[in-house]
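Structural description and commentary
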Amino acid sequence: MPKLKFPFFLTLLALTLAIGLTLTACSDDANSNSGAKTAALQAFKAEPILNTGDPTKGQAVFQRLPCLTCHNLNGQGVLNGTGPSLNNVATTASTRLDGVTAVQYLRHALLKPEDLQVPGYRPVMPGWGGTLSPPEIDDLVAFLMSQK
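Residues numbered from 1 in each chain as written. Predicted model: local features only at pLDDT ≥ 70, side-chain atom pairs only at ≥ 80, totals over all residues. Heavy atoms only, no water.

Quick look at the overall build of the protein now. For the protein, the count of helices and strands is five helices and two strands. Of all 148 residues assigned to the protein, the portion counted as buried reaches 28%. Sequence-distant contacts in the protein: of pairs separated by 6 or more residues, those separated by 24 or more amount to 64%. Per element, the accessible surface of the protein, about 9600 Å² overall, is 62% carbon and sulfur. (Helix = DSSP H or I, 4+ residues; strand = E, 2+ residues; numbered from the N terminus. Buried < 20%, exposed > 50% of the residue type's maximum accessible area, 1.4 Å probe, protein only. Contact = heavy atoms within 4.5 Å. Areas by Shrake-Rupley, 256 points an atom, 1.4 Å probe, with all protein chains shown as cover.)

Structure follows, in structure tokens:
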């Protein structure tokens, strides 16, 4: 069996150190992302707890938007996995983030969906804050809250 030469050992050591440093950098990224997660959680909690919208008007807003292109609700829309089902969304929303009500979760999800981290789904939902008026957002949240 040939003897390993010293330079080969140094190369192996350098490679091992490089991998270790890469893993450390990745874990630092994960830690900095936890700061982003904390900021997003605070943004959800900053939303109003109560909603005064009208679910009937909210249903009209919902039907006007392309929600069913990616979601499904009561047998309508798609089941292609682009977005989660909206069946029982009010119940589900109340369990997503500790200390965040369903109203807060749904409102923030409509306004800043980039803060969402729904397991199994890519973050492709558009934010509706620039498209819908505040009363329309209230109405849409009221409609979604009626889906229990």
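Right, picking up where we left off after that structure.
So, about unusual backbone geometry. In this model, N74 sits at a positive phi of 50 degrees, which is unusual for a non-glycine residue. Relative to the assigned elements, N74 resides in the loop between β1 (72-73) and β2 (76-77). Residue N74 is classed as exposed on the basis of its relative accessible area, which comes to 57%. In this structure, N88 takes a positive phi of about 60 degrees despite not being glycine.

Interhelical geometry of helix α4 (residues 102-111) versus helix α5 (residues 134-145) gives an angle of 125 degrees and a closest axis separation of 10 Å. Taken as axis vectors, α4 and α5 run oblique relative to one another. Considering only the axes of α4 and α5, their crossing is right-handed. On the side of α4, the interface is formed by A102, V103, L106, R107, L110 and L111, while α5 contributes I137, D138, L140, V141, L144 and M145. Looking at the contact of α4 with α5 residue by residue, the class counts come to ten nonpolar, no polar and two charged. (Axes fitted to C-alpha atoms, helices over the stretch in contact; angles between N-to-C directions. Parallel < 35°, antiparallel > 145°, perpendicular 65-115°, else oblique. Left-handed = near helix turned anticlockwise from the far one by under 90°. Nonpolar A, V, L, I, M, F, W, Y, C, P; charged D, E, K, R; others polar.)

Time to look at α5. Counted at 1.5 Å a residue, the expected span for α5 with its twelve residues is 16 Å, and the 16 Å between its end C-alpha atoms agrees. Where burial is concerned, most of α5 is hidden: nine out of the twelve residues are buried. If you check which residues of α5 are buried, you get I137, D138, D139, L140, V141, A142, F143, L144 and M145. Check the buried side of α5 and you find it contacts α2 (55-64), β1, α3 (89-93) and α4. (Expected span 1.5 Å × (residues − 1).)

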